[in-house]
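Chain by chain, the residues:
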Amino acid sequence: MAAKEISLKLLIHKERNQVLFAESRNDFVDILFSFLTMPTGTVIRLVGKQSKIGCMSTIYESVEDLEVEYLESDSCKNKFLYPKNAAEEHCRSLMVNIDDTGPIDYYLCYNAFPLSFSYKHLASTTRSNRQCQCGRTVNWKMPTVSKNVAGKGKNGVFVKGKMRYMVTDDLQVSPVCMAATLELLKRLGIRDATVLEERNVNLGSEEALSLLKASLISNTVLSDAFLKKPKQLGRRSSLYS
C-alpha cells in the first residue's frame with residue numbers, strides 16, 4: 001500500500017530562502033497538534049537520541065542500558081522506552097502518523113468475564129500476568145475494536161470542519177483569511193511580491209518526523225524541514241522574533 005501524503009502550499013521568501021507560511025487543510029494541523037499528545041520517551045525515540053534533547057536523551061539512554069533486574073518489573077523498561085499515547089486511538093486516524101508505538105492492550109481477570117463479574121476482580125489493566133485480588137493471573141486480553149475517530153461531520157481528528165489554515169514558520173496556527181495574510185506580510189516588511197514564490201510540497205512520514213525534530217530546537221521549523229538546511233537547524237535567525 002502506498003504511503004499516505006498530504007499536500008501543502010508554501011509561500012517562500014526567495015532571497016532569504018525561508019518559508020513565510022504554509023497553507024493547508026486541517027489534516028496538516030491535526031499532525032502538528034498530535035505532537036502534543038506524544039509522551040517524552042516516544043519523542044526521544046522518534047527523533048533519535050543523537051538529537052540530544054537536553055538531558056532527557058541521557059535519561060532515555062540510561063533506562064535503555066539498565067539491566068531489567070534493577071527495575072521494579074520486566075514491563076518497566078517498555079513503559080519508559082515505548083510509552084503509550086493517551087490519544088493513540090485518535091492518532092491512528094491521522095493521514096500521517098509517525099508514532100509507531102503499538103496500541104494499548106487491556107486485560108481482564110478471567111473470573112470477571114462474562115457472567116461472574118464482581119468488584120473483587122480487577123476491572124481492567126494494561127499489563128498481562130498481574131495478580132487479581134481473587135488470586136488468578138490477569139491474562140484475558142480484551143478484543144481490540146478499530147474505529148475511525150474522525151466523525152462524519154467532523155472531517156478531521158483534532159480540528160473540525162473544512163477550514164483552511166495558515167501555519168507560520170514558527171508553527172503559529174490560524175484560519176486562513178486575507179486580512180491575516182496581509183498583516184503578516186506587513187509585519188515582516190515585505191512590500192515587493194517578486195521576492196515571493198509559491199511552492200506545492202507533499203508531507204509524508206519523513207517530513208513529519210523532520211517537523212517534530214525541528215519543532216524542539218528551532219523557531220524556523222517549516223524552513224528547516226522543507227528547504228533542506230540541516231546544518232543550520234536551530235541557528236537560523238527568525239523573521240518572527
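Residues numbered from 1 in each chain as written. Predicted model: local features only at pLDDT ≥ 70, side-chain atom pairs only at ≥ 80, totals over all residues. Heavy atoms only, no water.

A. Up close: the overall build of the protein chain. For the protein chain, the count of helices and strands is 8 helices and 9 strands. Of all 241 residues assigned to the protein chain, the portion counted as buried reaches 40%. A fraction of 61% describes how many contacts in the protein chain between residues 6 or more apart in sequence connect residues 24 or more apart. Surface exposure of the protein chain reaches about 14300 Å², of which carbon and sulfur atoms provide 52%. (Helix = DSSP H or I, 4+ residues; strand = E, 2+ residues; numbered from the N terminus. Buried < 20%, exposed > 50% of the residue type's maximum accessible area, 1.4 Å probe, protein only. Contact = heavy atoms within 4.5 Å. Areas by Shrake-Rupley, 256 points an atom, 1.4 Å probe, with all protein chains shown as cover.)

B. Focus on the sheet that holds strand β9 (residues 196-203). As summarised here, the arrangement of the 5 strands in space is β8-β7-β2-β1-β9, forming an open sheet in which the pairing is antiparallel. Since the sheet does not close on itself, it has two edges, and those belong to β8 (173-175) and β9, each with one partner. Averaged over all pairs of adjacent strands, the angle between strand axes in this sheet comes to 25°, irrespective of strand direction. As paired strands, strand β1 (residues 6-13) and β9 are joined by 8 bridges and run antiparallel to one another. The partner of Ser-7 across the bridge, within β9, is Asn-202. (Pairing = 2+ DSSP bridges. Axes fitted to C-alpha atoms, helices over the stretch in contact; angles between N-to-C directions.)

C. Molecular detail of the nonpolar core. Phe-28, Leu-203, Leu-211 and Phe-226 are the most contacted members of the largest nonpolar core, which totals 28 residues. Elements represented by at least two residues in this core include exactly β1, β2 (18-24), α1 (26-34), α2 (40-47), β9, α7 (205-217) and α8 (221-226). With 10 residues, the next largest nonpolar core counts Leu-184, Leu-185, Leu-188 and Val-195 among its residues. (Core = buried A, V, L, I, M, F, W, Y, C linked by side-chain atoms within 4.5 Å.)

D. A look at unusual backbone geometry. With a phi close to 50°, Asn-17 is a non-glycine residue in the positive phi region. Topologically, Asn-17 is positioned in the loop between β1 and β2. For Asn-17, a relative accessible area of 24% corresponds to the partly exposed category.

E. Quick peek at the packing of α2 against α7. For the pair α2 and α7, interaxial distance at closest approach is 10 Å and the crossing angle is 115°. Taken together, the axes of α2 and α7 lie roughly perpendicular to each other. Along this stretch, α2 crosses α7, giving a crossing that reads as left-handed. For the pair α2 and α7, contact is made by Val-43, Leu-46 and Val-47 and by Leu-209, Leu-212, Lys-213 and Leu-216, respectively. Counted by class, the contact of α2 with α7 contains 6 nonpolar, no polar and 1 charged residues. (Parallel < 35°, antiparallel > 145°, perpendicular 65-115°, else oblique. Left-handed = near helix turned anticlockwise from the far one by under 90°. Nonpolar A, V, L, I, M, F, W, Y, C, P; charged D, E, K, R; others polar.)

F. Just α1, in detail. The buried fraction of α1 amounts to 8 of the 9 residues, a majority that puts the element mostly inside the structure. Asn-26, Asp-27, Phe-28, Val-29, Asp-30, Ile-31, Leu-32 and Ser-34 are the residues of α1 that are buried.

G. Highlighting the pattern of salt bridges. Summed over all chains, the structure comprises 5 salt bridges. Arg-164 is the salt-bridge partner of Glu-23, the closest N and O atoms lying 3.0 Å from each other. Placement of the pair is Glu-23 in strand β2 and Arg-164 in the loop between β6 (140-141) and β7 (165-168), with a sequence separation of 141 residues. Looking at Arg-164, the relative accessible area reads 32%, which means it is partly exposed. Between Arg-92 and Glu-88 there is a salt bridge, and its shortest N-O distance comes to 2.4 Å. (Salt bridge = Lys/Arg side-chain N within 4 Å of Asp/Glu carboxyl O.)

H. Molecular detail of the confidence of the model for the protein chain. This prediction gives the protein chain a mean pLDDT of 80; 72% of its residues lie at or above 70. Ranking the elements of the protein chain by mean pLDDT puts β6 last, at 64, and α1 first, at 96. Counting interchain partners and residues more than four positions distant, the pLDDT-below-50 stretch residues 230-237 has 17 contacts. (pLDDT = per-residue confidence, 0-100.)

I. Region of the structure containing the environment of Asp-169. Following the sequence through the fold, Asp-169 ends up in the loop between β7 and β8. In sequence terms Asp-169 and Thr-220 are 51 residues apart; their C-alpha atoms lie 5.0 Å from each other. In this structure the side chain of Asp-169 is engaged in a polar contact, spanning 2.9 Å, whose partner is the backbone nitrogen of Leu-222. (Polar contact = N/O pair within 3.5 Å; in protein donor to acceptor, adjacent residues only side chain to side chain.)

J. Molecular detail of the packing of α2 against helix α3 (residues 56-65). Two numbers describe how α2 lies on α3: the axes approach to 10 Å, and their chain directions differ by 90°. Considering the angle they form, α2 stands roughly perpendicular to α3. In this structure, α2 contributes Thr-40, Gly-41, Ile-44 and Arg-45 to the contact, and α3 contributes Met-56, Ser-57 and Tyr-60. Residue composition of the contact of α2 with α3, by class: 3 nonpolar, 3 polar and 1 charged.

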